[in-house]
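Survey of secondary and tertiary structure
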Amino acid sequence: MRQPGSPVIGLEIHVQVATESKLFCACSTDYIGAVPNTHVCPVCLGQPGSLPVINGRVVEYAVRTALALGARVGKSTRFHRKNYFYPDLPKAYQISQYDRPLAEGGALPIGEGENRKEIPITRLHLEEDAGKLVHSAADGRLGHSEYSLVDYNRGGVPLMEIVSEPEISTPAEAREYVATLRQLVRYLGVSDGDMEKGSLRVDANVSLTGADGKLGTKVEIKNMNSLRALERALDYEIARQADLIRKGESVRQETRHWDDGNGLTCGTRGKEEAHDYRYFPEPDLPALVLPDGFVEKQRDIMPEMPWILKERFVTDWGLSLQDAAVLTELPGLSRYVEDCVREGADPQRAANWIRTEVLRVLNEKRIGIEDFGVPAENLSPLLVKIDRGELSTTLAKTVFDRMVAEGLTALEALEKIGAPSGRLTGERLRNVIERVLEKESSAVEEIKSGKDPKGKKRGFLCGQIMREARGQADPEEVAKTLSRFLGC
Amino acid sequence: MAVGEEEVRHIALLARLHVTDQETEPLQRHLNDILEHFERLKGLDLVNVDPFAREDLDATPWREDVACSWEGREEALSEAPVRDGDFFRVPRILEGNDE
């Protein structure tokens, strides 16, 4: 049983599905910055006689998301009309799903170790987005405007609504849930998950457990455009409800808007009576029946889940949880690390270098890893050189900056910097080797008396020589010269 | 199943219609006439008919995800009751946050 006063949070998340065309017509979904009402047609303007036809890619992406959450995908589902009269909906109804959503059940894992928790998912369904209202008052406030202007470019853009069970206990958990879901849709490539652009919108239902342990009256909060705003809004709302209860007042069931500037939620005066959508089956669309083998095919092309990837980075590579979390945050970054390791770099070395150097460059240039000029196959040889002691970290950073600035490979950059001219060869190299052999005489003895069948000691000596030479010697030449010294 | 006066007012509110007291009674009658017609349909023997339209489909026909633009935009805008440049203009909205 829940403790009296403990928060109960459920989240409804609208995810904009990353398609070229709208959910039920061929208009472009590229509405940001577009001239108003240019991506419209009779279907999304709700003209009589027009008929919706569902976009197959939306179904694919939604099924993939459902599978990633471990939800049950319905073989046959259907659409409903959600009726309400508001100018952002030209048809006066939104095509949505009601009693037979595309998928039900499943869970999203959040947290690590002892704090690991699975948040159960209620359902995932498809629906169309509404248009945008632009308010005409000079101060931009709805209440002061004489009239409103409507842009239907966003109307009909596909959305997946993912509803969690009310089993989130703290604002921090809510934040983690949203962050994990965002990471998931990015890995699946089904949405850009950008909260500020509105591609991922969060509505939260919050209540406080009553003295009898039962659920209290829930309040819906909207308009949180970042993870931080979500956490702040929930903190505020929980405190507000607790305060009301402490004062012996009751919590009113309502929708409240988060005002980020002032850091508070405010109620709307809309009548609750208006939440009567008179759902009925959409007669213009047949049932959504998935072809045989469709779900299995989607399952086959699923990428590795980010939370599994993170675990693998920890167990297989010995990375810290924090390293693994940063490197798996975005699919492009985790691919980059994996490519570096595949090309021969040591995982920990790659992780450190990417977290410090690569992310620094990305932040400075304000670009994503996709636009980064140094591919993994170029970075990897540089990292290998550091590990072999052929390059000091300081010199490697100079080389790296050159690679970034001029798009060079590690070898090209080294040559440009002039590192090869300072290379230790001949007499100078022999001096270095002599010094190392003197210091490591016991290893020399072991090798000479045949106690180093696997060449480990020899490798150790090569490493010491490279270190002594500050990476300025050719490893092959070192090995050859060392053999001559050892006489074997 | 018949609708009463209260329900007519509620539906009018949902449909954002201003209905006067004089109009309520005739509207109630019209709605009940329609409902009565559906009551008659209920009498049909539909035991072996699937209630779900086209569930006999093996798979729903769907569209390739290809975007193309519609040529009729100008026409649509010019048919609007009030056009305002690139926008449709609608009366001031009396609901929502800032009311």
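What you are looking at is a predicted structure, and each value in this text was computed from that prediction instead of being measured.

Describing the overall build of chain B
When its secondary structure is counted, chain B shows three helices and two strands. When its helices and strands are written in sequence order, chain B yields α-α-α-β-β. Of all 99 residues assigned to chain B, the portion counted as buried reaches 22%. In chain B, once contacts between residues fewer than 6 apart in sequence are set aside, the share between residues at least 24 apart is 28%. Per element, the accessible surface of chain B, about 7,500 Å² overall, is 55% carbon and sulfur.

Observations regarding the state of the cysteines
Residue and element names in this part refer to chain A. Scanning the entire structure with this criterion turns up zero disulfides over all chains. No disulfide involves Cys27; its sulfur sits 3.6 Å from the nearest other cysteine sulfur, which is in Cys41. The exposure class of Cys27 is buried, given its relative accessible area of 3%.

Structural notes on the nonpolar core
Residue and element names in this part refer to chain A. One finds Leu11, Ile13, Val63, Leu124, Tyr177, Val178 and Leu184 to be the most contacted residues of the largest nonpolar core, which totals 79 residues. A per-element tally of this core places helix α1 (residues 56-68) first, with eight residues. Core analysis: the next-biggest nonpolar cluster, separate from the first, contains 39 residues, Leu309, Leu327, Ala396 and Leu408 among them.

Notes on the environment of Gln28 of chain B
Residues and elements named next belong to chain B. Inspection of the secondary structure assignment puts Gln28 in helix α2 (residues 21-42). For the pair Gln28 and Ala59, spaced 31 residues apart in the sequence, the C-alpha separation amounts to 42 Å. Residue contacts for Gln28: discarding those within four places in its chain leaves Val3, Gly4, Glu5 and Val8.

Regarding the sheet that holds strand β2 (residues 87-91) of chain B
Within a sheet, adjacent strands bond to each other through the backbone by hydrogen bonds, running parallel or antiparallel. With respect to topology, four strands assemble into an open sheet ordered β9(A)-β10(A)-β2(B)-β1(B), the strand pairing being antiparallel. Looking at which strands have only one partner, the edges of the open sheet turn out to be β9 (132-135) of chain A together with β1 (83-84) of chain B. Here four bridges tie strand β10 (residues 147-151) of chain A to β2 of chain B, and the two strands are oriented antiparallel to one another. Opposite Val150 of chain A, over in β2 of chain B, you have Phe88 of chain B as the bridge partner.

Considering the confidence of the model for chain B
The pLDDT averaged across chain B works out to 85; a share of 84% of its residues lies at or above 70. Taking the mean pLDDT of every element in chain B, the minimum, 90, falls on helix α1 (residues 5-14) of chain B and the maximum, 95, on helix α3 (residues 73-78) of chain B.

Some words on the packing of helix α5 (residues 306-317) of chain A against helix α6 (residues 321-328) of chain A
Residues and elements named next belong to chain A. Packing of α5 against α6 brings their axes to within 9 Å, and their N-to-C directions diverge by 140 degrees. If you check the angle between α5 and α6, you find them oblique. For the crossing formed where α5 meets α6, the hand is right-handed. For the pair formed by α5 and α6, the contact residues are Pro306, Leu309, Lys310, Phe313 and Val314 on the first element and Leu321, Ala324, Ala325, Leu327 and Thr328 on the second. Looking at the contact of α5 with α6, its residues break down into eight nonpolar, one polar and one charged.

So, the environment of Pro101 of chain A
Residue and element names in this part refer to chain A. Tracing the backbone shows Pro101 in the loop between β5 (93-96) and β6 (103-104). As for Pro101 and Ser76, which are separated by 25 residues in sequence, their C-alpha atoms are 9.2 Å apart. Each residue touching Pro101, except ones within four places of it in the same chain, is listed here: Thr77, Arg123, Leu124 and His125.

Conventions and cut-offs
Residues numbered from 1 in each chain as written. Chains lettered and ligands numbered in written order. Predicted model: local features only at pLDDT ≥ 70, side-chain atom pairs only at ≥ 80, totals over all residues. Heavy atoms only, no water. Helix = DSSP H or I, 4+ residues; strand = E, 2+ residues; numbered from the N terminus. Buried < 20%, exposed > 50% of the residue type's maximum accessible area, 1.4 Å probe, protein only. Contact = heavy atoms within 4.5 Å. Areas by Shrake-Rupley, 256 points an atom, 1.4 Å probe, with all protein chains shown as cover. Disulfide = S-S within 2.5 Å. Core = buried A, V, L, I, M, F, W, Y, C linked by side-chain atoms within 4.5 Å. Pairing = 2+ DSSP bridges. pLDDT = per-residue confidence, 0-100. Axes fitted to C-alpha atoms, helices over the stretch in contact; angles between N-to-C directions. Parallel < 35°, antiparallel > 145°, perpendicular 65-115°, else oblique. Left-handed = near helix turned anticlockwise from the far one by under 90°. Nonpolar A, V, L, I, M, F, W, Y, C, P; charged D, E, K, R; others polar.

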